[in-house]
Amino acid sequence: MRTLTTGPVGVHYAQLYVQSHEFVSDLGASFAGQQNGLCGAAVPGALFLITGLHTGDVGVSVELHDSEPPVDDAWEEIVEASYTPVGATTALVGWAGEWQEPLDLAETDYRVRYCGTGMDAGHETDTTLDGEPLVDHYLLQFWPAPPEPDRVIKVTSGTAAYWHDYARQQPPPPTAEERAEAEPDHE
(Lines give C-alpha, C1' and ligand atoms only; values in the text may rest on other atoms or scores of the structure.)
Protein backbone atom coordinates (compact mmCIF):
# COMPACT_ATOMS: atom_id res chain seq x y z
CA MET A 1 0.00 0.00 0.00
CA ARG A 2 1.17 3.52 -0.84
CA THR A 3 -0.30 6.69 0.64
CA LEU A 4 -0.75 9.11 -2.28
CA THR A 5 -1.75 12.06 -0.10
CA THR A 6 -2.92 12.69 3.45
CA GLY A 7 -3.85 15.69 5.53
CA PRO A 8 -6.48 18.38 5.82
CA VAL A 9 -7.99 19.70 2.59
CA GLY A 10 -10.43 22.52 2.00
CA VAL A 11 -14.00 21.85 0.90
CA HIS A 12 -16.80 24.12 -0.24
CA TYR A 13 -20.41 23.02 -0.76
CA ALA A 14 -19.44 19.65 0.83
CA GLN A 15 -17.55 18.66 -2.33
CA LEU A 16 -14.20 17.19 -3.37
CA TYR A 17 -13.27 15.69 -6.73
CA VAL A 18 -10.83 13.33 -8.39
CA GLN A 19 -10.17 14.54 -11.93
CA SER A 20 -8.07 13.18 -14.78
CA HIS A 21 -9.18 15.75 -17.36
CA GLU A 22 -10.76 19.19 -17.42
CA PHE A 23 -12.67 20.24 -14.31
CA VAL A 24 -16.23 18.88 -14.16
CA SER A 25 -18.62 19.28 -11.24
CA ASP A 26 -22.06 18.20 -12.49
CA LEU A 27 -23.71 16.69 -9.40
CA GLY A 28 -26.61 14.95 -11.17
CA ALA A 29 -24.50 13.52 -13.99
CA SER A 30 -21.86 12.30 -11.53
CA PHE A 31 -24.37 10.13 -9.65
CA ALA A 32 -26.51 9.09 -12.65
CA GLY A 33 -27.73 5.52 -12.29
CA GLN A 34 -25.85 4.89 -9.03
CA GLN A 35 -26.90 3.39 -5.70
CA ASN A 36 -24.39 5.35 -3.61
CA GLY A 37 -24.57 9.10 -3.17
CA LEU A 38 -21.14 9.74 -1.68
CA CYS A 39 -18.76 8.80 -4.53
CA GLY A 40 -20.15 9.79 -7.92
CA ALA A 41 -18.38 7.84 -10.66
CA ALA A 42 -20.78 8.12 -13.63
CA VAL A 43 -18.74 10.77 -15.49
CA PRO A 44 -15.71 9.13 -17.18
CA GLY A 45 -12.41 10.09 -15.57
CA ALA A 46 -14.00 11.87 -12.60
CA LEU A 47 -15.12 11.16 -9.04
CA PHE A 48 -17.49 13.53 -7.23
CA LEU A 49 -16.98 13.11 -3.46
CA ILE A 50 -19.50 14.33 -0.87
CA THR A 51 -18.46 15.40 2.64
CA GLY A 52 -20.54 16.30 5.68
CA LEU A 53 -18.87 19.68 6.26
CA HIS A 54 -20.09 22.44 3.94
CA THR A 55 -17.05 24.74 4.13
CA GLY A 56 -13.68 24.34 5.83
CA ASP A 57 -11.07 21.63 6.21
CA VAL A 58 -11.72 17.88 6.37
CA GLY A 59 -9.21 15.09 6.92
CA VAL A 60 -8.47 13.06 3.78
CA SER A 61 -6.14 10.16 3.03
CA VAL A 62 -5.77 8.59 -0.43
CA GLU A 63 -4.20 5.15 -0.74
CA LEU A 64 -3.17 2.94 -3.67
CA HIS A 65 -3.28 -0.82 -3.07
CA ASP A 66 -2.04 -3.74 -5.21
CA SER A 67 -5.25 -5.66 -4.49
CA GLU A 68 -8.54 -5.16 -2.66
CA PRO A 69 -7.86 -4.13 0.94
CA PRO A 70 -10.05 -5.51 3.72
CA VAL A 71 -13.05 -3.38 4.70
CA ASP A 72 -12.33 -1.46 7.92
CA ASP A 73 -15.62 -1.50 9.82
CA ALA A 74 -14.38 1.35 12.05
CA TRP A 75 -15.52 3.76 9.30
CA GLU A 76 -19.15 4.92 9.64
CA GLU A 77 -19.83 5.25 5.89
CA ILE A 78 -18.39 2.95 3.23
CA VAL A 79 -19.17 2.88 -0.51
CA GLU A 80 -17.45 1.51 -3.61
CA ALA A 81 -17.44 2.49 -7.28
CA SER A 82 -15.27 1.92 -10.35
CA TYR A 83 -12.91 4.53 -11.75
CA THR A 84 -10.71 4.78 -14.82
CA PRO A 85 -8.47 7.83 -15.37
CA VAL A 86 -8.85 9.27 -18.88
CA GLY A 87 -5.65 11.31 -18.87
CA ALA A 88 -2.02 11.01 -17.89
CA THR A 89 -2.48 13.23 -14.81
CA THR A 90 -4.96 12.56 -12.01
CA ALA A 91 -5.48 14.85 -9.02
CA LEU A 92 -7.58 15.31 -5.91
CA VAL A 93 -9.23 18.68 -6.59
CA GLY A 94 -11.00 21.26 -4.43
CA TRP A 95 -14.22 23.06 -5.32
CA ALA A 96 -13.99 25.13 -8.54
CA GLY A 97 -10.47 23.76 -9.02
CA GLU A 98 -9.06 26.14 -6.41
CA TRP A 99 -6.42 23.59 -5.33
CA GLN A 100 -5.08 20.29 -6.69
CA GLU A 101 -3.08 17.49 -5.13
CA PRO A 102 -1.53 15.14 -7.75
CA LEU A 103 -2.34 11.43 -7.40
CA ASP A 104 0.05 8.91 -8.92
CA LEU A 105 -2.52 6.71 -10.71
CA ALA A 106 -1.87 4.82 -13.94
CA GLU A 107 -4.40 4.87 -16.79
CA THR A 108 -6.06 1.57 -15.85
CA ASP A 109 -9.33 0.36 -14.31
CA TYR A 110 -9.63 0.77 -10.55
CA ARG A 111 -12.09 -0.02 -7.85
CA VAL A 112 -12.35 2.79 -5.34
CA ARG A 113 -13.63 2.61 -1.77
CA TYR A 114 -14.69 5.87 -0.15
CA CYS A 115 -15.02 5.80 3.63
CA GLY A 116 -16.11 8.55 5.98
CA THR A 117 -16.62 9.28 9.63
CA GLY A 118 -18.26 12.27 11.32
CA MET A 119 -20.53 13.18 8.38
CA ASP A 120 -23.50 14.20 10.54
CA ALA A 121 -21.22 16.20 12.86
CA GLY A 122 -19.68 17.88 9.83
CA HIS A 123 -23.10 18.67 8.40
CA GLU A 124 -24.28 20.11 11.73
CA THR A 125 -21.07 22.15 12.12
CA ASP A 126 -21.52 23.47 8.55
CA THR A 127 -18.41 25.68 8.49
CA THR A 128 -15.03 25.62 10.20
CA LEU A 129 -12.43 28.36 10.22
CA ASP A 130 -8.65 28.02 9.86
CA GLY A 131 -7.12 26.37 12.89
CA GLU A 132 -10.34 24.79 14.17
CA PRO A 133 -10.33 21.01 14.78
CA LEU A 134 -11.32 18.69 11.94
CA VAL A 135 -14.86 17.34 12.34
CA ASP A 136 -15.14 14.75 9.56
CA HIS A 137 -12.54 12.45 7.99
CA TYR A 138 -12.38 10.47 4.74
CA LEU A 139 -10.35 7.65 3.21
CA LEU A 140 -10.17 6.97 -0.52
CA GLN A 141 -8.64 3.61 -1.47
CA PHE A 142 -7.80 2.60 -5.08
CA TRP A 143 -6.84 -0.86 -6.36
CA PRO A 144 -6.73 -2.37 -9.87
CA ALA A 145 -10.02 -4.11 -10.73
CA PRO A 146 -12.39 -4.44 -13.68
CA PRO A 147 -15.42 -2.12 -13.73
CA GLU A 148 -18.52 -3.21 -11.84
CA PRO A 149 -21.58 -1.43 -10.44
CA ASP A 150 -21.21 0.84 -7.42
CA ARG A 151 -22.41 -0.37 -4.04
CA VAL A 152 -23.17 0.83 -0.55
CA ILE A 153 -21.38 -1.20 2.11
CA LYS A 154 -22.23 0.71 5.30
CA VAL A 155 -24.53 3.62 6.20
CA THR A 156 -24.87 5.08 9.71
CA SER A 157 -25.53 8.81 9.23
CA GLY A 158 -28.56 10.75 8.12
CA THR A 159 -26.30 12.79 5.84
CA ALA A 160 -25.10 9.71 3.94
CA ALA A 161 -28.65 8.27 3.77
CA TYR A 162 -29.88 11.57 2.28
CA TRP A 163 -27.21 11.49 -0.46
CA HIS A 164 -27.80 7.79 -1.23
CA ASP A 165 -31.49 8.59 -1.73
CA TYR A 166 -30.54 11.50 -4.01
CA ALA A 167 -28.34 9.24 -6.17
CA ARG A 168 -31.04 6.60 -6.53
CA GLN A 169 -33.38 9.24 -7.96
CA GLN A 170 -30.97 10.18 -10.78
CA PRO A 171 -31.67 8.79 -14.27
CA PRO A 172 -29.13 6.41 -15.78
CA PRO A 173 -26.17 8.00 -17.59
CA PRO A 174 -26.32 8.32 -21.39
CA THR A 175 -25.14 5.33 -23.39
CA ALA A 176 -22.05 5.60 -25.62
CA GLU A 177 -24.38 5.91 -28.60
CA GLU A 178 -26.34 8.74 -26.94
CA ARG A 179 -23.10 10.57 -26.09
CA ALA A 180 -21.87 10.20 -29.69
CA GLU A 181 -25.21 11.46 -30.99
CA ALA A 182 -24.93 14.55 -28.77
CA GLU A 183 -21.47 15.46 -30.13
CA PRO A 184 -21.57 18.76 -32.09
CA ASP A 185 -19.65 17.24 -35.03
CA HIS A 186 -22.18 14.41 -35.45
CA GLU A 187 -24.08 14.55 -38.71
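See above for the structure.
Residues numbered from 1 in each chain as written. Predicted model: local features only at pLDDT ≥ 70, side-chain atom pairs only at ≥ 80, totals over all residues. Heavy atoms only, no water.

Which residues make up the pairing of strand S8 (residues 100-103), and what are the values?
Sheet topology places strand S7 (residues 90-93) next to S8; four bridges connect them, and they run antiparallel. Pairing of Leu92 across the sheet is with Glu101, part of S8. (Pairing = 2+ DSSP bridges. Helix = DSSP H or I, 4+ residues; strand = E, 2+ residues; numbered from the N terminus.)

For the packing of aromatic side chains, give the residues involved together with the corresponding values.
Under the definition given, this model contains eight aromatic pairs. Arranged with centres 5.5 Å apart and planes meeting at 15 degrees, the rings of Tyr114 and Tyr138 form a pair that is stacked. Here Tyr114, found in strand S9 (residues 110-117), pairs with Tyr138, found in strand S10 (residues 137-144); they are 24 residues apart in sequence, far enough to count as distant. Like Tyr114, the residue Tyr138 is buried in the burial classification. Here Tyr162 and Trp163 contribute two aromatic rings whose centre-to-centre distance is 5.1 Å and whose plane-to-plane angle is 85 degrees, an arrangement assigned as edge-to-face. (Phe/Tyr/Trp six-rings, centres within 6.5 Å; stacked < 30°, edge-to-face > 60°. Buried < 20%, exposed > 50% of the residue type's maximum accessible area, 1.4 Å probe, protein only.)

Provide a residue-level description of the environment of Glu63, including the pertinent values.
Within the element layout of this structure, Glu63 appears in strand S5 (residues 56-64). For Glu63, a relative accessible area of 14% corresponds to the buried category. Of note is the side chain of Glu63, whose polar atom sits 2.8 Å from the side chain of His65. (Polar contact = N/O pair within 3.5 Å; in protein donor to acceptor, adjacent residues only side chain to side chain.)

Quick one: what's the story with unusual backbone geometry, residue by residue and with numbers?
Trans is the common state for peptide bonds, and a negative phi is the common state for residues other than glycine. Backbone geometry places Tyr13, a non-glycine residue, at a positive phi of 55 degrees. Along the chain, Tyr13 falls in the loop between strand S1 (2-11) and strand S2 (15-19).

Could you give me a rundown of the sheet that holds strand S11 (residues 151-154), with the residues and numbers involved?
Note on sheets: strands pair through backbone hydrogen bonds, and any given pair is parallel or antiparallel. Reading across the sheet, the six strands line up as S1-S5-S10-S9-S6-S11 and stay open at both edges, with mixed pairing between neighbours. Across the chains shown, the open sheet's two edge strands, defined by having one partner strand only, are S1 and S11. When strand polarity is set aside, the average angle formed by the axes of neighbouring strands in this sheet is 20 degrees. Across nine bridges, S1 lies against S5 in antiparallel orientation. By the bridge assignment, Thr5 is partnered in S5 with Val62. (Axes fitted to C-alpha atoms, helices over the stretch in contact; angles between N-to-C directions.)

Limitation: the analysis is restricted to geometry and does not speak to function.
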